Amino acid sequence: MKQLLCAAMLLLQLGAVNAMELKADSSSLSFVSIKNDAIAETMSFSSLTGSIDDKTGKAEIVVGLNSIASGIDIRNERMRKYLFETDKFPAATYTALVDMPELVTMSVGEQKTMKLTGALVMHGTSSPLSFDVIVTKRADGALHVVTLAPSFVDTQRFGLVAGVAKLRSLAGLNNIGLAVPVSFSVTFQ
């Protein structure tokens, strides 16, 4: 009887959770580009959307690649045109399944370390990608998710090597790293 009551309580709590939407104004995603084996530059994207489905636990972050912010306008244009080819591939999407019962039972202020195992779809290709994250439940019910350490995106897996070579040539560089560390801090409410 006690187990049945606990299961019923958990189902009621799950039913009370609404689908959570990514709050763009309090979310960020950045990556580091390394050129000539010595110069690292942090870049980001200003367009992020996403959600967590309360029924399935499917979490999704969609990155508008046209929103690249490298700090240099001409580099942004070149990255859109030659690297991301945003006329054909305007977005990158990361999806993973999260443990909704574990998230629902979190107390305000509680933090949990989780591993997000999912897939990144970019440039017409899907590849597995995992992130170790800390999830914090805020007083307003929102979930703040931040990477513990960057995960690496291998540009070769996504057919981006020719774009990287074009950027290297245009900038007169000896090389640009093909493994790109990515991190994020996102809020779902």
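Keep in mind that this is a model prediction, so the values were computed, not measured. (Residues numbered from 1 in each chain as written. Predicted model: local features only at pLDDT ≥ 70, side-chain atom pairs only at ≥ 80, totals over all residues. Heavy atoms only, no water.)

### Concerning the overall build of the chain
- Tallying secondary structure elements over the chain gives four helices and 12 strands in all.
- Buried positions account for 39% of the 189 residues belonging to the chain.
- Here the contacts in the chain between residues at least 6 apart in sequence split such that 62% fall between residues at least 24 apart.
- Both charge centroids of the chain, one from 17 positive and one from 17 negative side chains, sit 3 Å from each other. (Helix = DSSP H or I, 4+ residues; strand = E, 2+ residues; numbered from the N terminus. Buried < 20%, exposed > 50% of the residue type's maximum accessible area, 1.4 Å probe, protein only. Contact = heavy atoms within 4.5 Å. Lys, Arg positive; Asp, Glu negative; His and termini not counted. Charge placed at Lys NZ, Arg CZ, Asp CG, Glu CD.)

### Remarks on the confidence of the model for the chain
- The predicted model of the chain averages 91 in pLDDT, with 90% of residues at 70 or higher.
- A low-confidence stretch, residues 1-17 (pLDDT under 50), is modelled with 11 contacts involving residues beyond four sequence positions or located in other chains. (pLDDT = per-residue confidence, 0-100.)

### Here we look at the side chain of K35
- Summarising the element assignment, K35 is placed in strand β2 (residues 28-35).
- Setting aside anything within four residues of it in sequence, one finds K35 in contact with E41, R75, L173, N175 and I176.

### Regarding the packing of helix α2 (residues 73-84) against helix α4 (residues 161-171)
- Interhelical geometry of α2 versus α4 gives an angle of 140° and a closest axis separation of 8 Å. Relative to α4, the element α2 is oriented oblique. Where α2 approaches α4, its residues R78, M79, Y82 and L83 are matched on the opposing element by G163, V164, K166, L167, L170 and A171.
- Looking at the contact of α2 with α4 residue by residue, the class counts come to seven nonpolar, one polar and two charged. (Axes fitted to C-alpha atoms, helices over the stretch in contact; angles between N-to-C directions. Parallel < 35°, antiparallel > 145°, perpendicular 65-115°, else oblique. Nonpolar A, V, L, I, M, F, W, Y, C, P; charged D, E, K, R; others polar.)

### What to know about the pattern of salt bridges
- Inspection of every chain in the model, using the stated rule, returns eight salt bridges.
- A salt bridge links R75 to E41; its shortest N-O distance comes to 2.7 Å. You can see R75 sitting in helix α2 and its partner E41 sitting in strand β3 (residues 39-45), a full 34 residues away along the chain.
- Assessed through its relative accessible area of 16%, R75 is described here as buried.
- The network of salt bridges with shared partners includes K35, E41 and R75. (Salt bridge = Lys/Arg side-chain N within 4 Å of Asp/Glu carboxyl O.)

### Some details on unusual backbone geometry
- Located in the positive-phi region is E85, a residue other than glycine, with phi close to 50°.
- Counting through the fold element by element, E85 comes out in the loop between α2 and β7 (91-97).

### Side note on the layout of surface pockets
- When its volume is computed, the largest pocket comes out at roughly 660 Å³.
- Lining of the largest pocket is provided by 38 residues; of these, F31, M79, L83, F84 and V180 occupy positions nearest its centre.
- When residues in the lining of the largest pocket are grouped by element, the largest group, six residues, is from α2.
- Looking at side-chain class alone, the lining of the largest pocket contains 30 nonpolar, four polar and four charged residues. (1 Å grid on protein atoms, 1.4 Å probe; cavity = no way out; pocket = protein on both sides within 12 Å on 5 of 7 lines; lining within 4 Å. Points joined across faces, edges and corners; volume = space filled by probe spheres on them.)

### A closer look at the packing of aromatic side chains
- Throughout the structure, instances matching the rule amount to four aromatic pairs.
- Joined through ring pairs, the aromatic side chains of F31, F45 and F84 make up one cluster.
- Over the ring of Y82 we find K166; its NZ or CZ atom is 5.1 Å from the centre of that ring. (Phe/Tyr/Trp six-rings, centres within 6.5 Å; stacked < 30°, edge-to-face > 60°. Lys NZ or Arg CZ within 6 Å of the ring centre and 35° of its normal.)

### Points about empty space enclosed by the protein
- Under the definition given, this model contains one cavity of 30 Å³ or more.
- Each pocket or cavity is described by its volume, and for the largest cavity that value is around 150 Å³.
- Around the largest cavity, the lining comprises 18 residues; the ones closest to its centre are A59, V98, L116, V145 and F188.
- Looking at side-chain class alone, the lining of the largest cavity contains 16 nonpolar, one polar and one charged residues.

### Brief notes about α2
- Its 12 residues place the ends of α2 15 Å apart at the C-alpha level, agreeing with the 16 Å of an ideal helix rising 1.5 Å per residue.
- Every buried residue of α2 is accounted for by R75, N76, M79, L83 and F84. Axial view of α2: buried residues confined to an arc of 100°, hence all on one face. Exposed side chains of α2 directed beyond 90 degrees from the buried face belong to D73 and K81.
- Two residues or fewer past α2, E85 is found with a positive phi of approximately 50°. (Expected span 1.5 Å × (residues − 1). Arc of directions from axis to C-beta.)

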